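# Residue-level structural notes
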Amino acid sequence: MERRVVITGLGAVTPLGNDVATTWRLLLDGRSGIGPISYFDASDLPVRIAGEVKRFDGDGLFGRREARRMDQFTQFALAAAREAVTDAGLVFDDGLKRETGALIGTAIGGMVTLLENYDALKTAGARRVSPFMVPMMMPNAPSGNVAIEYGLRGPNLAIGTACATGSHAIGESAAIIQRGDAQVMIAGGAEAIISPVAVAAFTNMGALSTRNEEPTRASRPFEADRDGFVMSEGAAVLVIESLECAQRRGARIYAELRGYGATADAFHITAPEEGGIGASLAIQAALERAGLPPTAVDYINAHGTGTPLNDRTETQAIRRVFGSHADRLAVSSTKSMLGHLLGAGGAIEALACVKSLETGWIHPTINYDRPDPECDLDFVPNVPRRAQPRIALSNSFGFGGHNGCLLFERWEADV
């Protein structure tokens, strides 16, 4: 019999707050974390807004010496992992250290570290390039640092599937537990690439919102006047473990991870396929893995980027799978408030699903003023909803045609 997998710990660093409690409270309040870029002078750029993490003290958390040896995306990940591990009540004896692994992904990795060291090379010569550049920028730095922090000897991996990274990290971690290679996995995603080069690149692709004068209203998923996503940063980490392990140590259980689907569009390196076929296959795979019919789902945390094509094709994918039941689903987009955390997006949205199941509240899709006839679902517009969902789906779709869907069930103590 396949092992059941449950969620026992949550951690987050986001544009709304540097912990789960603050982030969740402000999501329910419908608060936006988007503002003018402060990291550098963006006055010459066509896009001058982003979702920056605020008041994050890496030196205070890790010590100045250690913080200088970690790119910001690793610092975010390690801070979120610390919160999740504490929340889960994990105490790592030698046995549990061997049975615990980490899988924290990123879409881009340490781009800012690379750019800073390239500038140092060009302006001051080779001797000014940091000897820590490679371990700082490598995508597996978060997982490696988490393992070092706790002495974990289990599977230690990184994954990079663009905006589906966080969901794939959680889903593949569940598979590691189910096949018996670990009892506990620390899983999620992290990103920190807000820089002139990254902003310029996404702008030139036509992917970013240009609402510089109204940053808190710039991210407007599924709305008729949407004009692109808002680049953001942060991290989210979940502690997932076998049900047996959680029950043995008396852990509080937030939710059960019932299903996981991963597919490819096999269509275009950045654009989703019209009709949402690949996305619908991932949703269907998650349902089949869970052994649940589409009618069992109550809530979908959408990928919901705010780009015209992505939102339309996600709507099509949902209708393709759920048929008439789509009209009874609550669907909301975390990105309307946080912006797009890229490789961390799927992880923070999975966390939002888990919090909805735990609390009985669904956060809104803000900035929803004018419906788009091509996006005709119930997007929980502008205000939170008391709903008591039992089954929640989290969708993530990334450049490269990568699709990842996670299906969670509210935990009932008598199950």
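Everything in this summary refers to the structure shown in the same document. As the structure is a computational prediction, the values presented were derived from the model and not from experiment. (Residues numbered from 1 in each chain as written. Predicted model: local features only at pLDDT ≥ 70, side-chain atom pairs only at ≥ 80, totals over all residues. Heavy atoms only, no water.)

Another aspect to go through is the overall build of the chain. Counting secondary structure elements, the chain contains 15 helices and 14 strands. With the principal axes as the frame, the chain shows a C-alpha extent of 65 × 55 × 40 Å. Expressed as a percentage of contacts within the chain between residues at least 6 apart in sequence, the contacts between residues at least 24 apart total 79%. In the structure as shown, the chain presents an accessible area of about 15,900 Å², 51% of it carried by carbon and sulfur atoms. (Helix = DSSP H or I, 4+ residues; strand = E, 2+ residues; numbered from the N terminus. Contact = heavy atoms within 4.5 Å. Areas by Shrake-Rupley, 256 points an atom, 1.4 Å probe, with all protein chains shown as cover.)

This part takes up the nonpolar core. Core analysis: the largest hydrophobic core is formed by 46 residues, its most contacted members being I7, L10, I170, I240, L351 and F408. Counting residues per element, this core draws most heavily on helix α15 (residues 345–359), which supplies eight residues. Ignoring sequence-local partners within four residues, the contact set of F408 consists of I7, E256, L257, R258, A350, C353, V354, L357, R390, I391, A392 and S394. Core analysis: the next-biggest nonpolar cluster, separate from the first, contains 32 residues, F56, L90, F92 and V237 among them. (Core = buried A, V, L, I, M, F, W, Y, C linked by side-chain atoms within 4.5 Å. Buried < 20%, exposed > 50% of the residue type's maximum accessible area, 1.4 Å probe, protein only.)

Moving on, we come to the packing of helix α4 (residues 72–88) against helix α8 (residues 141–150). Look at α4 against α8: their axes get within 9 Å of each other, and the N-to-C directions meet at 45 degrees. By the angle between their axes, α4 is oblique relative to α8. Considering the relative orientation of α4 and α8, their crossing is right-handed. From α4, F73, T74, A77, L78, A81, R82 and V85 reach across to α8, where they touch A141, P142, N145, V146, E149 and Y150. When grouped by side-chain class, the residues that make up the contact of α4 with α8 number nine nonpolar, two polar and two charged. (Axes fitted to C-alpha atoms, helices over the stretch in contact; angles between N-to-C directions. Parallel < 35°, antiparallel > 145°, perpendicular 65-115°, else oblique. Left-handed = near helix turned anticlockwise from the far one by under 90°. Nonpolar A, V, L, I, M, F, W, Y, C, P; charged D, E, K, R; others polar.)

A separate point is the sheet that holds strand β6 (residues 184–191). Pairing within the open sheet is mixed, and its 10 strands lie in the order β5-β4-β6-β7-β1-β8-β14-β13-β9-β10. Each of the sheet's edge strands pairs with one partner strand only, and the pair in question is β5 (156–157) and β10 (330–332). Strand contacts of α8: β4 (100–105), β5 and β6, with the helix running at about 150 degrees to β4, the strand carrying the most contacts. With respect to the sheet, helix α13 (residues 308–322) is in contact with β9 (299–301) and β13 (391–398), its orientation differing from that of β13 by roughly 135 degrees. (Pairing = 2+ DSSP bridges.)

Three or more residues of α8 are buried, namely A141, P142, S143, V146, A147 and Y150. Buried positions along α8 lie against α4, α5 (94–98), β4, α7 (133–137), β5 and β6. Following α8 by one or two positions, G151 adopts a phi angle in the positive range, close to 70 degrees.

Interaxial distance between helix α12 (residues 277–290) and α13 falls to 8 Å at its minimum, and their mutual angle equals 45 degrees. Taken together, the axes of α12 and α13 lie oblique to each other. In this structure, α12 meets α13 at a crossing whose hand is right-handed. Residue-level inspection shows I277, A279, S280, I283, Q284 and L287 of α12 in contact with α13, the latter providing A317, R320, V321 and F322. Looking at the contact of α12 with α13 residue by residue, the class counts come to seven nonpolar, two polar and one charged.

So, about α12. The end-to-end C-alpha distance of α12, which contains 14 residues, comes to 20 Å, matching closely the 20 Å that a straight helix rising 1.5 Å per residue would cover. Along α12, the residues that are buried comprise G278, A279, S280, A282, I283, A286, L287 and A290. Packed against the buried residues of α12 are β8 (255–264), α13, β13 and β14 (402–410). Of the residues trailing α12, G291 is marked for its positive phi of about 70 degrees. (Expected span 1.5 Å × (residues − 1).)

Position of A120 among the secondary structure elements: in helix α6 (residues 111–124). Spatially, the C-alpha atoms of A120 and S130 are 8.8 Å apart, while their sequence positions differ by 10 residues. If near-sequence neighbours (up to four positions away) are discounted, A120 is found in contact with G125 and R128.

Where charged atoms from two side chains of opposite charge approach closely, those side chains can pair. Taken as a whole and assessed by the stated rule, the structure comprises 27 salt bridges. Across the salt bridge formed by E149 and R82, the nearest N and O atoms sit 2.7 Å from each other. With E149 in helix α8 and R82 in helix α4, this residue pair connects regions lying 67 residues apart in the sequence. With relative accessibility at 34%, the residue E149 sits in the partly exposed group. Two residues, R312 and E274, come together in a salt bridge whose shortest N-O distance is 2.8 Å. Note that R312 is positioned in helix α13 and E274 in the loop between β8 and α12, a separation of 38 residues in sequence. R312 sits in the buried class, given a relative accessible area of 18%. Among the charged side chains, a network of salt bridges with common partners joins R211, E214, R217, R220, E223, D227 and D369. (Salt bridge = Lys/Arg side-chain N within 4 Å of Asp/Glu carboxyl O.)

What follows deals with the packing of aromatic side chains. Considering all chains together, one arrives at six aromatic pairs under this definition. Here F56 and F76 contribute two aromatic rings whose centre-to-centre distance is 4.9 Å and whose plane-to-plane angle is 90 degrees, an arrangement assigned as edge-to-face. Separated by 20 residues along the polypeptide, F56 in the loop between β3 (49–50) and α2 (58–62) and F76 in helix α4 bring together distant segments of the chain. Comparing F56 with F76, the two get one shared label, buried. Relative to F379, the ring of F222 lies with its centre 4.1 Å away and its plane at 10 degrees, an arrangement referred to as stacked. In this pair, F222 is assigned in the loop between α10 (196–204) and β7 (234–242) and F379 in the loop between β11 (361–362) and β12 (385–386), connecting sequence segments 157 residues apart. Note on accessibility: F222 and F379 belong to one class, buried. Grouped by ring-pair contacts, the aromatic residues F202, F229 and F399 constitute a single cluster. (Phe/Tyr/Trp six-rings, centres within 6.5 Å; stacked < 30°, edge-to-face > 60°.)

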